[in-house]
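Descriptive analysis of the structure
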Amino acid sequence: MTNRLAEMTTREAGVAAQQDALVVIPAGAYEQHGPAMPMATDTIRAEAVAARLADEVGDQILIGPSIPVGVSPHHRDFAGTVTLSTATFAAVLTDYIDSLAHHGFRRFLVITGHGGNNATLGATAHDLLRTHPDVEFAWVAVSALAKDAIGALGVSEVHGHCGEAETAQMLCVAPELVRNELLEPGATTLAEMDPLARLSRAPGVNLSLAWGRLTSNGVLGDPTRVTPADGERIISEAVATLTHIVTEWAAA
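What comes next concerns the included structure. (Residues numbered from 1 in each chain as written. Predicted model: local features only at pLDDT ≥ 70, side-chain atom pairs only at ≥ 80, totals over all residues. Heavy atoms only, no water.)

**Description of the overall build of the chain**
Basically, it comes down to this: Secondary structure elements follow DSSP: runs of H or I no shorter than four residues count as helices, runs of E no shorter than two count as strands, and numbering proceeds from the N terminus. The classification of residues rests on relative accessible area computed with a 1.4 Å probe and restricted to protein chains. Under 20% of the type maximum is buried, over 50% is exposed, and intermediate values are partly exposed. Note on contacts: a residue pair qualifies if any of its non-hydrogen atoms lie within 4.5 Å across the two residues. A 1.4 Å probe and the Shrake-Rupley method give the accessible areas. Residues count as covered only by the protein chains that appear here.
For the chain, the helix and strand inventory stands at eight helices and four strands. Once the C-alpha set of the chain is aligned to its principal axes, its extents read approximately 55 × 35 × 30 Å. Considering the chain as a whole, with its 252 residues, one finds that 48% of them fall into the buried category. For the chain, contacts bridging at least 24 residues in sequence account for 78% of all contacts bridging at least 6. Here the chain displays about 11600 Å² of accessible surface, and carbon together with sulfur accounts for 53% of that area.

Here it is, written out as structure tokens:
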């Protein structure tokens, strides 16, 4: 039987709820990813990790509806970017969970490919403790699940958005969507940034700036340095980490 809710009948969904399947919700963004990668990059990566996780753990999980648009006001100066407010993102996620909890699902895991969603996911987690005390909710960021593989890339001093790690993942899971001939470095060192942009990258500092203040082409890092094999190592580590988490969660 499929483990994608969208492909199930209502009876099959009821069985999955009775079996206490963990509902996985991929979350991403609809925002600029430099001159070479598509708007849906973060959603595509999150969905790819969810699909591979399903291959590993089978009917322990149920892949629910994705949240394809995220919290991206910092990218609005770049054409094509669509953003939700933090309140709307939280409301959509909460409504997903409320709908499925009504039918007996009680465990939920969001896999996010977009860092801009993180603060709202953390706040929603606290709210769910109050509004849905019987629900178990967790969220994970794709890149945080693969620190060893990303560290092995030898990333630039400044890196992140559509840089080495994200580009490597896309070359692995959706190479047909990467315009390889248009890959180019963005900001790669703190020295080339203005003082306020440098401050926003300081450890422990949360200073929100429009992305154009950090980089003229929307890129942080050097995406020209990576290969599909680099992306495979990142995705594989992320899935292995998640497989362990899901297994431990089920046992608990």
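Next comes the rest of the write-up.
**Quick notes on the packing of helix H3 (residues 86–101) against helix H4 (residues 118–131)**
Rules: Orientation is described by axes fitted as lines to C-alpha atoms, over the contacting stretch for helices, and by angles from 0 to 180 degrees between their N-to-C directions. Relative orientations are named as follows: roughly parallel for angles under 35 degrees, roughly antiparallel for angles over 145 degrees, roughly perpendicular for angles from 65 to 115 degrees, and oblique for any other angle. In this scheme the crossing of two helices becomes right-handed for a clockwise turn of the near helix relative to the far one and left-handed for an anticlockwise turn of less than a right angle. Under the scheme applied, nonpolar residues are Ala, Val, Leu, Ile, Met, Phe, Trp, Tyr, Cys and Pro; charged residues are Asp, Glu, Lys and Arg; polar residues are all the others, including Gly.
In the contact formed by H3 and H4, the axes pass within 10 Å of each other and the chain directions differ by 50 degrees. The orientation of H3 with respect to H4, classified from their angle, is oblique. Where H3 crosses over H4, the handedness of that crossing is right-handed. For the pair formed by H3 and H4, the contact residues are Thr 86, Phe 89, Ala 90, Leu 93, Thr 94 and Ile 97 on the first element and Thr 120, Leu 121, Thr 124 and Leu 128 on the second. Classifying every residue of the contact of H3 with H4 gives six nonpolar, four polar and no charged.

**Brief notes about the pairing of strand E4 (residues 136–141)**
As a reminder, the rule being used: Pairs of strands are assigned from DSSP output, requiring at least two bridges between the strands.
For strand E3 (residues 107–112) and E4, the ladder comprises six bridges, and the chain directions are parallel. Pairing of Leu 109 across the sheet is with Ala 138, part of E4.

**Concerning empty space enclosed by the protein**
For clarity, the cut-off: Cavities and pockets were defined on a 1 Å grid built over protein atoms only: a cavity is a set of grid points that admits a 1.4 Å probe from which the probe cannot escape, a pocket is an open set flanked by protein on both sides within 12 Å along at least five of seven lines, and lining residues are those with an atom within 4 Å of any such point. Grid points are joined across faces, edges and corners, and a volume is the space filled by probe spheres set on the points.
Tallied over the entire structure, the rule returns two cavities of 30 Å³ or more. Every residue along the wall of the second largest cavity is listed here: His 33, Pro 35, Ala 36, Met 37, Cys 162, Leu 183, Glu 184, Val 219 and Pro 223. Looking at side-chain class alone, the lining of the second largest cavity contains seven nonpolar, one polar and one charged residues.

**Notes on the pairing of strand E1 (residues 22–27)**
To keep things clear, this is the line we draw: A right-handed crossover is one whose linking path, passing over the helix from the first strand to the second, runs clockwise when the strands point away from the viewer.
Most of E1 sits inside the fold, with six of its six residues counted as buried. Of the two faces of E1, both are covered, the one formed by Leu 22, Val 24 and Pro 26 as well as the one formed by Val 23, Ile 25 and Ala 27. Pairing of E1 with strand E2 (residues 61–63) involves three bridges; the strand directions are parallel. Within the sheet, the bridge partner assigned to Val 23 lies in E2 and is Leu 62. Between the parallel elements E1 and E2, the chain passes through helix H2 (residues 41–57) in a crossover that is right-handed. Both E1 and E3 contribute to a ladder of five bridges, which runs parallel. By the bridge assignment, Val 24 is partnered in E3 with Leu 109.

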